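Summary of the model geometry
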Amino acid sequence: EAAPPAPYRVLARKYRPATFDDLIGQEAMVRTISNGFESGRIPQAWILTGVRGVGKTTTARILARALNYETATITAPTITMPGLGRHCQAIMESRHVDVLEMDAASHNGVDDIRQINDAVRYAPVSVRYKVYILDEVHMLSTAAFNALLKTLEEPPPHAKFIFATTEIRKVPVTVLSRCQRFDLRRVDAGMLVGHLEGIAAKEGLAAEPEALALIARAAEGSVRDALSLFDQAIAHAAGAVAAEDVRRMLGLADRTRVIDLFEALMRGDIARALGELRDQYDSGADPAVVLTDLAEFTHFVTRVKIVPAVAEDRSLAEVERTRGRALAAGLSMRVLARTWQMLFRGLPEVQSAGKPIAAAEMVLVRIAYAADLPTPDEVIRGLGSGGNGSDPRPAGNGAGSTAPGPAAMSRQEVARQEVSRGGPRAMLAAPATAPARSRPDAQPRQEKPPLAIGRFEDLLALAADKRDLAVRNALERDVRLVHLEDGRLEISLQPDAPKTLVNELSRKLGEWTGRHWMVVISTQSGQSTIQEQKQARRAELELGVQADPLVKAVLTAFPGAQIVAVRDKETVPGALSGSEADDDAADRFDDDADDDL
């Protein structure tokens, strides 16, 4: 009778490293441990930290095996283990009596640590060192950590401790200072691809290189995640593992289509970009995933522009490497940085929107039409150049398309098109690109006389007219008027007023009125601030309202009712005229909540 087939072992367990030579991506740790073993400098405790799946627990078992490796010819700790020693099999299977593994997540109390403290005094039964492996050690309670400290600092010579954690910051520094620490790194995607290729060869499986690259990138440096995804891809494909199968399994968009969408955006071809997004959406792609892929590719192109060698990564498809280099050469850093920022800020909008596809389309529209807008300082420089049309940047920031758009042509060309359409860019670029023609019969322009300021209320109205809320709020909140005449303002300041307020007021008033203003600090206390005056008026109004018989009757009829706002009928919009109405409107523009009591 034939024996029953052995149960299937997942790849993550079947190909778990058994020696230091099998570990990938952790060369620095292996070198340090090797040198320590060779020189006899073996610490009493190690702590291993890193993200999930990089090999913390596996490394702890290999380290326990190396400490107790024993054959007919080897009787000392060594990291060179050519074959199984006397205790190796039991240690790797977590069933050796002298190598105790404990999950600190489920054994995190002080009583569990006391058991270790009581047992550590006794010598091992059959091995060189009694080894305690505590996984997820950061889950121990404060009392448990305190109970462990003394034993950890002065353990018996036959005891060693190995800790593993994903949250190193949660481990008390008193514990960290007693351990030799190793930070296990995420495994490079290119190295993961090579590892998966080796496993595919051992398993006799056919797999496309692009499929393995997709798996390696999705694993984000975790070997265990990569092997688990590879297992899933094998089952999904039921044969050769193709890139399209992996892409469908992971819910990823076609990388080529993502690059096509990126190029359309950079050319300003919004019609094609929206069409491509809709096609991907109709094919089942999540709009948020598409934007995430766009952001990832933007980041990749930016890195290639800075460090061209980045494009040699084995985890990248050939189309990404080739087109990424071309885009990096043709796009400016400012365009790439702004595109990344707009994608980063637009992604939460898409994730929270009722119609994600509509939100994603609006994000693409903003990118296509605003990714190459000039910065404020560039606009100022353009206005100051007298409209000569000079532009220090290259005329094209796109990917070499013959159909230029807002992101692929010079600012002057954009301005001409936007002026003809009446678009928003006309307001920015038209003064610099379309200077007025002089006419023989043109009359000289009359200069506007400087604005006169005679009252403090005039300053408040001027700040409101200029829509400068910061200055207006400072005038109301921080300034006590001592004396005001046209061109000179004498004030005292509140203790918490900004130190730069005096200079800021002098500069702003000069800009707004067209002449120099002297703003000085007086030794006199001055009047109450506008804010204090408002608060006094409101308090007075509230007291008057509370004394009103009708209000008293309402409060009595509705127990628990409160007066939350009081408004003078004279300050209701429409009841005022002239500057008083302007002042009241500006007050409400600043903060309607100021009227709540």
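Once that is clear, we can look at the overall build of the protein chain. Scanning the protein chain from N- to C-terminus turns up 26 helices and 8 strands. Evaluated residue by residue, the protein chain yields a buried proportion of 44% over its 597 residues. Pairs at least 24 apart in sequence give 71% of the contacts found in the protein chain among residues at least 6 apart. Just so you have it, the protein chain exposes about 32,200 Å², and 53% of that area is on carbon and sulfur atoms.

With that settled, the discussion passes to a nonpolar patch on the surface. Taken together, Ile306, Val307 and Met333 make up a surface patch of nonpolar side chains, about 260 Å² in accessible area. Structurally, Ile306 can be placed in helix H14 (residues 287–306).

The next point concerns a positive patch on the surface. On the surface, a cluster of positive charge is contributed by Arg9, Arg13, Arg16 and Arg224. Classification of Arg9 as partly exposed rests on a relative accessible area of 43%.

Right, let's talk about the nonpolar core for a bit. Core analysis: the biggest nonpolar cluster contains 39 residues, and Phe262, Leu265, Leu291, Leu294, Phe300, Val301 and Leu364 have the highest contact counts within it. Within the residue set of this core, elements represented by two or more residues are helix H12 (255–267), helix H13 (270–282), H14, helix H15 (318–330), helix H16 (333–352) and helix H17 (356–370). Among the elements that take part in this core, H14 stands out by supplying 9 residues, more than any other. Apart from residues lying up to four places away in sequence, Leu291 is in contact with Leu343, Leu347, Val350, Ala360, Val363 and Leu364. By size, the runner-up hydrophobic cluster in this structure holds 29 residues, among which are Phe20, Ile33, Phe37 and Ile42.

What follows is about helix H21 (residues 456–465). The set of residues buried in H21 consists of Phe456, Leu459, Leu460, Leu462 and Ala463. The arc that holds the buried residues of H21, viewed along the axis, is 160 degrees, so those residues lie on one side. Here the buried face of H21 lies against helix H22 (469–477), strand S6 (479–485), strand S7 (488–493), helix H23 (501–513) and helix H24 (530–546). Immediately beyond the C-terminal end of H21, within one or two residues, lies Arg467, with a positive phi of roughly 60 degrees.

The first and last C-alpha atoms of helix H10 (residues 223–237) sit 21 Å apart over 15 residues, in line with the 21 Å expected at 1.5 Å per residue. Taken together, the buried positions of H10 are Val223, Ala226, Leu227, Leu229, Phe230, Asp231, Ala233 and Ala237. Each element contacted by the buried residues of H10 is listed here: helix H1 (11–14), helix H8 (189–203), helix H9 (209–219) and helix H11 (243–250). Once H10 ends, the next one or two residues include Ala238, with phi positive near 55 degrees.

Next up on the list: the packing of aromatic side chains. Enumeration over the complete set of coordinates arrives at 5 aromatic pairs. Their ring planes at 35 degrees and their centres at 6.1 Å tell us that Phe161 and Phe163 sit as a pair that is tilted. In this structure, Phe161 and Phe163 share a single accessibility class: buried. Between Phe297 and Phe300 the ring centres are 6.0 Å apart and the planes differ by 45 degrees, which places this aromatic pair in the tilted class. Of this pair, Phe297 and Phe300 both sit in helix H14, 3 residues apart, which is roughly one turn of that helix. Like Phe297, the residue Phe300 is buried in the burial classification. An aromatic cluster of at least three residues, connected via ring pairs, comprises Tyr132, Phe161 and Phe163.

The subject of this paragraph is unusual backbone geometry. Most of the time, phi is negative for any residue but glycine, and the peptide bond is trans. In the Ramachandran plot, Ser94 falls in the positive-phi region, its phi being about 60 degrees despite a non-glycine side chain. Tracing the sequence through the fold places Ser94 in the loop between helix H4 (88–92) and strand S2 (99–103). Of note, the phi angle at Glu136 is positive, near 50 degrees, even though the residue is not glycine. Relative to the assigned elements, Glu136 resides in the loop between strand S3 (130–135) and helix H6 (142–153). By relative accessible area, which is 22% here, Glu136 ends up partly exposed.

As a further point, take the side chain of Gln26. Mapping Gln26 onto the fold places it in the loop between H1 and helix H2 (27–39). Non-local contacts of Gln26, meaning those with residues more than four positions away in its chain, are made with Val54, Leu184, Arg185 and Val187.

What follows deals with the sheet that holds S7. Strand order across the open sheet formed by 3 strands is S6-S7-S8, with mixed pairing between neighbours. The sheet is open, and its two edges are formed by S6 and strand S8 (518–521), each paired on a single side. Strand after strand, the sheet turns through a mean of 25 degrees between neighbouring axes, direction not considered. Here 6 bridges tie S6 to S7, and the two strands are oriented antiparallel to one another. Across the sheet, Leu481 pairs through a bridge with Ile491, a residue of S7. Against the sheet, H23 engages S6, S7 and S8, with an angle of about 160 degrees to S8.

Cut-offs and rules
- Residues numbered from 1 in each chain as written.
- Predicted model: local features only at pLDDT ≥ 70, side-chain atom pairs only at ≥ 80, totals over all residues.
- Heavy atoms only, no water.
- Helix = DSSP H or I, 4+ residues; strand = E, 2+ residues; numbered from the N terminus.
- Buried < 20%, exposed > 50% of the residue type's maximum accessible area, 1.4 Å probe, protein only.
- Contact = heavy atoms within 4.5 Å.
- Areas by Shrake-Rupley, 256 points an atom, 1.4 Å probe, with all protein chains shown as cover.
- Patch = residues over 30% accessible without salt bridge, like charges linked within 9 Å, V, L, I, M, F, W, Y side chains within 5 Å.
- Salt bridge = Lys/Arg side-chain N within 4 Å of Asp/Glu carboxyl O.
- Lys, Arg positive; Asp, Glu negative; His and termini not counted.
- Charge placed at Lys NZ, Arg CZ, Asp CG, Glu CD.
- Core = buried A, V, L, I, M, F, W, Y, C linked by side-chain atoms within 4.5 Å.
- Arc of directions from axis to C-beta.
- Expected span 1.5 Å × (residues − 1).
- Phe/Tyr/Trp six-rings, centres within 6.5 Å; stacked < 30°, edge-to-face > 60°.
- Pairing = 2+ DSSP bridges.
- Axes fitted to C-alpha atoms, helices over the stretch in contact; angles between N-to-C directions.

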